[in-house]
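Single-letter residue listing:
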Amino acid sequence: MAEADVPTGGGAGRGWFITLEGGEGAGKTTQLCSLANALGETGCEVVTTREPGGSPGAERVRSVLIDPEAALTPLCEAMLHAGARHDHLTNTIRPALARGACVLCDRFTDSTRAYQGFGLGLAESTVDTLEELVVAETMPDLTLILDVPVDVGLERARGRGIHDRYEAMAFAFHEHLRAGYRAIAARAPARCAVVDANRPAEVVQTDVRRIVRERLGIAL
Ligand code: TMP
């Protein structure tokens with residue numbers, strides 16, 4: 001993996017960049033909203049965003065990417081995600097970080113590594129190349145990986161009536177995804193924290209805030 005596993009943001013000329021990651025039904029969106037509220041109470045500007053999407057151009061690309069009818073090759077998917085990410089970084093994330101805002105993003109480059117890489121078998125060197133080209137120095141300062149057993153996550157996602165291209169895939173795909181996220185965390189321990197998300201949302205949030213406090217020194 002090409003990344004230097006060193007947090008660089010916050011106070012040092014730009015705002016903090018925090019990403020939330022996980023498989024289907026991990027509870028990212030709920031945790032992101034709670035964390036955004038907590039950070040907002042400290043008085044800092046908070047920008048919440050998501051991938052694929054997060055800028056007008058990238059939202060257009062999202063509609064193709066989440067269409068269950070669109071049969072795309074893994075490389076095509078990865079390149080579309082990377083293209084959308086470039087637009088998102090350029091138009092939303094980098095300007096927000098530059099003015100000192102704290103950016104909370106629901107999924108980012110680790111999703112490409114987990115889904116297209118570990119899940120769909122795209123070569124790691126290809127994911128590295130796209131990451132170097134598109135993300136470059138704008139790696140997150142902290143990545144919270146919400147971990148739930150596959151059956152629990154899929155049950156939650158189906159309960160919400162979510163039917164994207166990945167939900168219908170075999171159980172084994174989701175197991176690869178989960179193992180992939182753990183591998184990502186093991187390789188970048190200073191940036192990533194795995195959170196047991198198979199607990200009530202308030203308990204998970206307590207853990208999330210503790211990690212943000214400890215890793216980034218933000219008084220939550
Ligand atoms: P969401 O359900 O969290 O909104 O994400 C949409 C889907 O896009 C989800 O199934 C994961 C997938 N995805 C990838 O496969 N690769 C990526 O790089 C990103 C950002 C998302």
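Scroll up to find the structure this text is about.
Below you will find a few notes about this structure. (Residues numbered from 1 in each chain as written. Predicted model: local features only at pLDDT ≥ 70, side-chain atom pairs only at ≥ 80, totals over all residues. Heavy atoms only, no water.)

1. Let's talk about the site of the ligand
What surrounds the ligand is a group of 15 residues, the closest being E24, R107, T112, Q116 and D164. For the ligand, an oxygen atom lies 3.0 Å from a polar atom in the side chain of E24. Burial of the ligand by the protein amounts to 90% of the accessible area it has alone, namely 480 Å². At the level of secondary structure, the elements contributing two or more residues to the shell around the ligand comprise helix 3 (74-98) and helix 4 (109-119). Here the shell around the ligand gets 4 residues from one element, more than from any other, and that element is helix 4. Classifying every residue of the shell around the ligand by side-chain character gives 4 nonpolar, 4 polar and 7 charged. (Near = heavy atom within 4 Å. Polar contact = N/O pair within 3.5 Å; in protein donor to acceptor, adjacent residues only side chain to side chain. Areas by Shrake-Rupley, 256 points an atom, 1.4 Å probe, with all protein chains shown as cover. Helix = DSSP H or I, 4+ residues; strand = E, 2+ residues; numbered from the N terminus. Nonpolar A, V, L, I, M, F, W, Y, C, P; charged D, E, K, R; others polar.)

2. Focus on the side chain of D106
On the secondary structure map, D106 appears in strand 3 (residues 102-106). Within polar-contact distance, the side chain of D106 engages the side chain of T29 at 3.1 Å. In this structure D106 touches L20, K28, T29, L32, T49, R50 and E51, once residues within four positions along its chain are discounted. (Contact = heavy atoms within 4.5 Å.)

That's the geometry; what it means functionally is another story.
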